[in-house]
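Below, each chain spelled out in residue letters.
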2 protein chains.
Amino acid sequence: MKTDDEVKDFILNGYREYVPHVSIDCAIFGYHEQQLKLLLIKLKFIDGWCLPGGYIKRTETLVEAANRIVMERTGIGNLFLQQFKTFGDPNRARINEFDEELWFKATGVKVSKDNWLIDQTISIGFYAITDFSKAEPQPDMMSEKCKWFDIDNLPKLEFDHEEMVKEALHTMRVQLYHYPIGYNMLPEKFTLTEIHALYETLLGKKLDISNFPKKLIALGLLKKLDEKRSIGPHRSPHLYMFDKEKYNMAIKEGVVLS
Amino acid sequence: MKTDDEVKDFILNGYREYVPHVSIDCAIFGYHEQQLKLLLIKLKFIDGWCLPGGYIKRTETLVEAANRIVMERTGIGNLFLQQFKTFGDPNRARINEFDEELWFKATGVKVSKDNWLIDQTISIGFYAITDFSKAEPQPDMMSEKCKWFDIDNLPKLEFDHEEMVKEALHTMRVQLYHYPIGYNMLPEKFTLTEIHALYETLLGKKLDISNFPKKLIALGLLKKLDEKRSIGPHRSPHLYMFDKEKYNMAIKEGVVLS
DNA sequence: CCTTCATTTTGTAAATTTCACTAAATAGGA
DNA sequence: TCCTATTTAGTGAAATTTACAAAATGAAGG
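Residues numbered from 1 in each chain as written. Chains lettered and ligands numbered in written order. Predicted model: local features only at pLDDT ≥ 70, side-chain atom pairs only at ≥ 80, totals over all residues. Heavy atoms only, no water.

The next thing to look at is the state of the cysteines. Residues and elements named next belong to chain B. Scanning the entire structure with this criterion turns up zero disulfides over all chains. Looking at Cys50, it has no disulfide partner, and the nearest cysteine sulfur is the one in Cys146, 11 Å off. Judged by its relative accessible area of 10%, Cys146 falls in the buried class. (Disulfide = S-S within 2.5 Å. Buried < 20%, exposed > 50% of the residue type's maximum accessible area, 1.4 Å probe, protein only.)

Put into structure tokens, the structure is as follows:
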């Protein structure tokens, strides 16, 4: 949605192209220098921060929709998005608090109370993790701001999005043991210390340094390279990279890390 | 829905009481004598077996809806239902194959192609496990038959319900290591052999008998009673029961069995 | 009272994980 | 050139967990 006309058409006639009553919300985690971050947006017509979300086109699968939504809202694409839970409490969206004035000011469209967007909505939660330094978020027409926040210093979130973040974090941490999700957060070639720090940050706890890489290597996921990296007056660490083939298999079929 | 009139009203005006475009489908696993079973229904207006499913009332939470749906369709209540995945492929429901004739014959209502029930639907999957001998399934108005099937001898299922069963089974087995789901499938007091057989059946693999109880007891989940059960000309096994308090905590917060 | 047999416990070897410690590598500075 | 601070990487003993086998238990029936 780039133009005012497109926004207007979406609000008035969107129910033809999109499935009403169902939305997708995405918890995009970002990793940078041992800090876990979360991408939040501030919509024009909602007074507070929330997860980037949107509606599903009638021709899309859920994952396709989730990817498009993140791309539209934030400019970040090509994520490995994972469903974590669907939220449907009748009170979750707090339709009662719908503010006609605010919507008009933000969109220039008179939205009546029987508009398809104002009805009860059930939301499917997706999460992804990405290297946040690679992705500079860019808000679109509907969103005013789009920003990374430290995971342990989030602002108050709208609707039931705090619960969503909690669930997303929990699912991400469980799945970290079953899928090699770390791929996108690291440079192509990385050291054991880097991947170790990544996993500790994502899990939010200490991991044994000497055993941890062994498992990844034993599974064939990690390949040791002949190169080293120079890090000043210290021993140079070896560089590693993922075995693309084994990695893709593991993403598809799952492995057991722990 | 007990009467024809109620069915008719549901078909024609249900969108007022229920959230359109979203449904719930439930994989109800049953355990009996070391066999894992699945509850399937045969709807009047669909030519084949499928998971019991239904729509969500605008006043219900998702779990409440899932419980009501299972109760209405099968007569089985009070289940510990767990969400496992939401399905939204645009082709999953195969609306094109909608058979007006069959619907009319089954319900006595002329259903047009623009009826709310015929539109694209996204379905939220729930699963539960129950002691199948306790629950005699009873089909309702809309369902013709309702029957338990051995898990490794299922009939061909409609829509995407085969994939749903696969996912439900997978989630159930993963969660079995993190939550003591076995509660409802056993009598209040049970022997080690019984709970051991239960876990082996649910997981579909062998578990070591000598190490298995140690974990449950070490976690404090299991209490040894002073009673024994008489089983003929053999050593009488001790009876155990779950520690209700620890059990509830484990259900809420999760534990690690393996 | 002795046999039978499923239950339950015990024992032990193998495998795995944990943890502390040591060795190796590096480049700047003495 | 050699020493030092610092970080990576490997080693092996100790602790724990798992796998498997065998023995002990005890209730009923002959």
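So that's the structure; there's more coming.
With the rule as written, the count across this model stands at 23 salt bridges over all chains. Here Asp119 of chain A and Arg58 of chain B are joined by a salt bridge, their closest N and O atoms 2.8 Å apart. Of this pair, Asp119 of chain A sits in the loop between helix 3 (100-107) and strand 6 (122-131) while Arg58 of chain B sits in the loop between strand 4 (53-57) and helix 2 (62-74), on two different chains. The salt bridge involving Glu194 of chain A is made with Arg229 of chain A; its shortest N-O contact spans 2.5 Å. Of this pair, Glu194 of chain A sits in helix 5 (residues 192-203) while Arg229 of chain A sits in the loop between strand 8 (222-228) and strand 9 (238-242), and the two are 35 residues apart along the sequence. (Salt bridge = Lys/Arg side-chain N within 4 Å of Asp/Glu carboxyl O. Helix = DSSP H or I, 4+ residues; strand = E, 2+ residues; numbered from the N terminus.)

Residue and element names in this part refer to chain A. As assigned here, chain A comprises domain 1 (4-175) and domain 2 (187-253). When each unit is reduced to the centre of its C-alpha atoms, the spacing between domain 1 and domain 2 is 32 Å. For the pair domain 1 and domain 2, the two sides together bury roughly 710 Å², of which 70% comes from carbon and sulfur. In terms of surface lost to domain 2, no three residues of domain 1 exceed Tyr31, Phe80 and Arg173, which account for 61% of the buried area on that side. Linking domain 1 to domain 2 there are zero salt bridges. (Domains from an automatic or database assignment. Buried area = accessible area lost by both parts, 1.4 Å probe.)

On to the protein's contact with DNA strand D. Every one of the 19 residues lining DNA strand D counts as a neighbour, but Thr193, Arg235 and His238 of chain A together with Arg235 and Ser236 of chain B are closest to it. Between DNA strand D and the protein, one listed contact pairs a phosphate oxygen with a side-chain N or O atom of Thr193 of chain A at 2.6 Å. One nitrogen or oxygen atom from the side chain of His234 of chain A is found 3.5 Å from a base oxygen belonging to DNA strand D. Classifying every residue of the surface near DNA strand D by side-chain character gives four nonpolar, nine polar and six charged. (Near = heavy atom within 4 Å. Polar contact = N/O pair within 3.5 Å; in protein donor to acceptor, adjacent residues only side chain to side chain. Nonpolar A, V, L, I, M, F, W, Y, C, P; charged D, E, K, R; others polar.)

Another point: unusual backbone geometry. Residues and elements named next belong to chain A. Of note in this structure, Glu33 is not a glycine but carries a positive phi near 45°. Along the polypeptide, Glu33 turns up in the loop between strand 1 (18-32) and strand 2 (35-43). The exposed category is assigned to Glu33, whose relative accessible area is 65%.

Our focus in this paragraph is the pairing of strand 2 of chain A. Residue and element names in this part refer to chain A. Within strand 2, eight of the nine residues are buried, leaving the element largely enclosed by the surrounding structure. Note that strand 1 and strand 2 share four bridges and pair antiparallel. Its bridge partner lying in strand 2, Tyr31 is registered against Leu36. Between strand 1 and strand 2, which pair antiparallel one after the other, the connecting turn spans two residues, and Glu33 there sits at a positive phi close to 45°. (Pairing = 2+ DSSP bridges.)

Let's shift gears to the relation of the copies chain B and chain A. With an RMSD of 0.3 Å, the operation that places chain B on chain A is a rotation of 179° combined with a shift of 0.2 Å along the axis. Interpreted geometrically, this transformation is the action of a two-fold axis. When you check the interface residues of chain B against chain A, 95% turn up at the interface there too, and the contact is symmetric in its surfaces. (Least-squares fit on C-alpha atoms with pLDDT ≥ 70 in both. Contact = heavy atoms within 4.5 Å.)

Taken together, the contact pairs 22 residues of chain B with 22 residues of chain A. Of the roughly 1,800 Å² buried between chain B and chain A on both sides combined, carbon and sulfur atoms contribute 58%. For the interface between chain B and chain A, the tally reads two salt bridges. Connecting chain B to chain A are seven residue pairs in polar contact (both at pLDDT 80 or more). Split by residue class, the side of chain B that touches chain A holds 10 nonpolar, seven polar and five charged.

Among the nonpolar cores identified, the biggest contains 80 residues, and Ile24, Ile28 and Leu81 of chain A together with Ile24, Ile28 and Leu81 of chain B are the most heavily contacted of them. Sequence-distant contacts of Ile24 of chain B, that is, excluding residues within four places in its chain, are made with Pro52, Gly53, Gly54, Ile56, Leu62, Ala65, Ala66, Ile69, Ser123, Ile124 and Phe126 of chain B. (Core = buried A, V, L, I, M, F, W, Y, C linked by side-chain atoms within 4.5 Å.)

The next subject is the packing of helix 4 (residues 161-176) of chain B against helix 5 (residues 192-203) of chain B. A pair of packed helices is characterised by two quantities: the angle between their axes and the separation of those axes. All names here are of chain B. Where helix 4 meets helix 5, the closest approach of the two axes is 9 Å, and the angle between their N-to-C directions is 140°. Put simply, helix 4 runs oblique to helix 5. Contacts from Met172, Arg173 and Leu176 in helix 4 reach Tyr199, Thr201, Leu202 and Leu203 in helix 5. Tallied by class, the residues present in the contact of helix 4 with helix 5 amount to five nonpolar, one polar and one charged. (Axes fitted to C-alpha atoms, helices over the stretch in contact; angles between N-to-C directions. Parallel < 35°, antiparallel > 145°, perpendicular 65-115°, else oblique.)

Residues and elements named next belong to chain A. Across all of its chains, the model carries 22 aromatic pairs over all chains by this definition. Measuring from ring centre to ring centre gives 5.5 Å for Phe10 and Trp116, while their planes differ by 75°; the resulting arrangement is edge-to-face. Note that Phe10 is positioned in helix 1 (residues 4-17) and Trp116 in the loop between helix 3 and strand 6, a separation of 106 residues in sequence. Among the residues examined, Trp116 registers a relative accessible area of 10% and is labelled buried. Taken together, Phe10, Tyr18, Tyr55 and Trp116 form an aromatic cluster joined through their ring pairs. Geometry around Phe104 places Lys110 over its ring, the cationic atom sitting 4.4 Å from the centre. (Phe/Tyr/Trp six-rings, centres within 6.5 Å; stacked < 30°, edge-to-face > 60°. Lys NZ or Arg CZ within 6 Å of the ring centre and 35° of its normal.)

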